[in-house]
Every structure is written in structure tokens, then in C-alpha cells.
Amino acid sequence: MKPNIDLPKPNRILFIISVFLVLLIAQIFWLGWEIEKLKAIIEQNEKTIEVNNQAIDGLQNYILEQIRKEHDSKFI
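What counts and what doesn't
Residues numbered from 1 in each chain as written. Predicted model: local features only at pLDDT ≥ 70, side-chain atom pairs only at ≥ 80, totals over all residues. Heavy atoms only, no water. Helix = DSSP H or I, 4+ residues; strand = E, 2+ residues; numbered from the N terminus. Buried < 20%, exposed > 50% of the residue type's maximum accessible area, 1.4 Å probe, protein only. Areas by Shrake-Rupley, 256 points an atom, 1.4 Å probe, with all protein chains shown as cover. Patch = residues over 30% accessible without salt bridge, like charges linked within 9 Å, V, L, I, M, F, W, Y side chains within 5 Å. Salt bridge = Lys/Arg side-chain N within 4 Å of Asp/Glu carboxyl O. Phe/Tyr/Trp six-rings, centres within 6.5 Å; stacked < 30°, edge-to-face > 60°. Lys NZ or Arg CZ within 6 Å of the ring centre and 35° of its normal.

**Student:** What is the right way to read the overall build of the protein from this model?
**Tutor:** Of the regular secondary structure elements, the protein holds 1 helix and 0 strands. Expressed as a percentage of its 76 residues, the buried residues of the protein come to 0%. For the protein, the exposed surface amounts to about 7800 Å²; the carbon and sulfur share of it is 66%.

Put into C-alpha cells, the structure is as follows:
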């Protein structure tokens with residue numbers, strides 16, 4: 001008795017390869033879209049960091065000015 005070996009048909013292999021390629025292409029586009037979103041988020045975060053650094057610099061300058069005024073007023 002011969003074993004029943006059912007070899008895949010060429011159409012079935014072609015279908016499997018086609019589905020695989022479609023999924024692969026879809027993932028490539030999805031990853032590209034995600035990368036663009038991440039770039040936009042990074043750009044927004046860099047702007048926020050710049051604004052925060054400017055605010056911190058302003059507050060430091062204000063505090064130093066207040067300390068100088070207080071220090072000068074003690075010696076008057």
C-alpha cells in the first residue's frame with residue numbers, strides 16, 4: 001500500500017505566495033505610516049522642549065534678579 005502523499009498544487013502555492021506578498025506590502029506601508037507619525041511626534045516634542053527650556057531660562061533669570069535685589073537691599 002502506497003502512502004497517500006498529496007503534493008500541493010501549483011495554484012495553491014501561488015495563492016499562498018500572493019497572500020504572503022500582499023501582507024508583506026501592507027506591513028511595509030503600515031510601518032511607513034507609523035514612522036511618519038513618530039517623526040511628527042518627535043518634531044512636536046522638540047518644539048515643546050525648546051519652549052520649556054526658554055521658560056526655565058526666563059525663570060532662572062527672574063530668580064537670580066530677585067536674589068540680587070534682595071542681596072543688594074540687605075547692604076543698603
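**Student:** For this particular structure, what's the right way to read a nonpolar patch on the surface?
**Tutor:** Residues Ile13, Ile17, Phe20, Leu21, Leu24, Ile25, Ile28 and Phe29 make up a contiguous nonpolar surface patch of about 790 Å² in total accessible area. Within the fold, Leu24 resides in helix H1 (residues 10-74). Classification of Leu24 by relative accessible area gives partly exposed; the value is 35%.

**Student:** Would you mind going over the pattern of salt bridges with me for this structure?
**Tutor:** Once the charged atoms of two side chains with opposite charge are near each other, the side chains can pair. This structure, assessed with the given rule, holds 4 salt bridges. A salt bridge links Lys39 to Glu36; its shortest N-O distance comes to 3.8 Å. With a gap of 3 residues between them, Lys39 and Glu36 both fall in helix H1, about one helical turn apart. A residue is classified by how much of its surface remains accessible, and Glu36, at 49% relative accessible area, is partly exposed. A salt bridge links Glu43 to Lys47, with the nearest nitrogen and oxygen atoms 3.6 Å apart. Placement of the pair is Glu43 and Lys47 together in helix H1, with a separation of 4 residues, close to one helical turn. Relative accessible area serves as the criterion here: at 46%, Glu43 is assigned to the partly exposed category.

**Student:** Sorry if this is basic, but what is going on with the packing of aromatic side chains here?
**Tutor:** The geometry of two aromatic rings is summed up by the distance between their centres and the angle between their planes. In this structure the tally under the stated criterion is 0 aromatic pairs. Geometry around Trp33 places Lys37 over its ring, the cationic atom sitting 4.4 Å from the centre.

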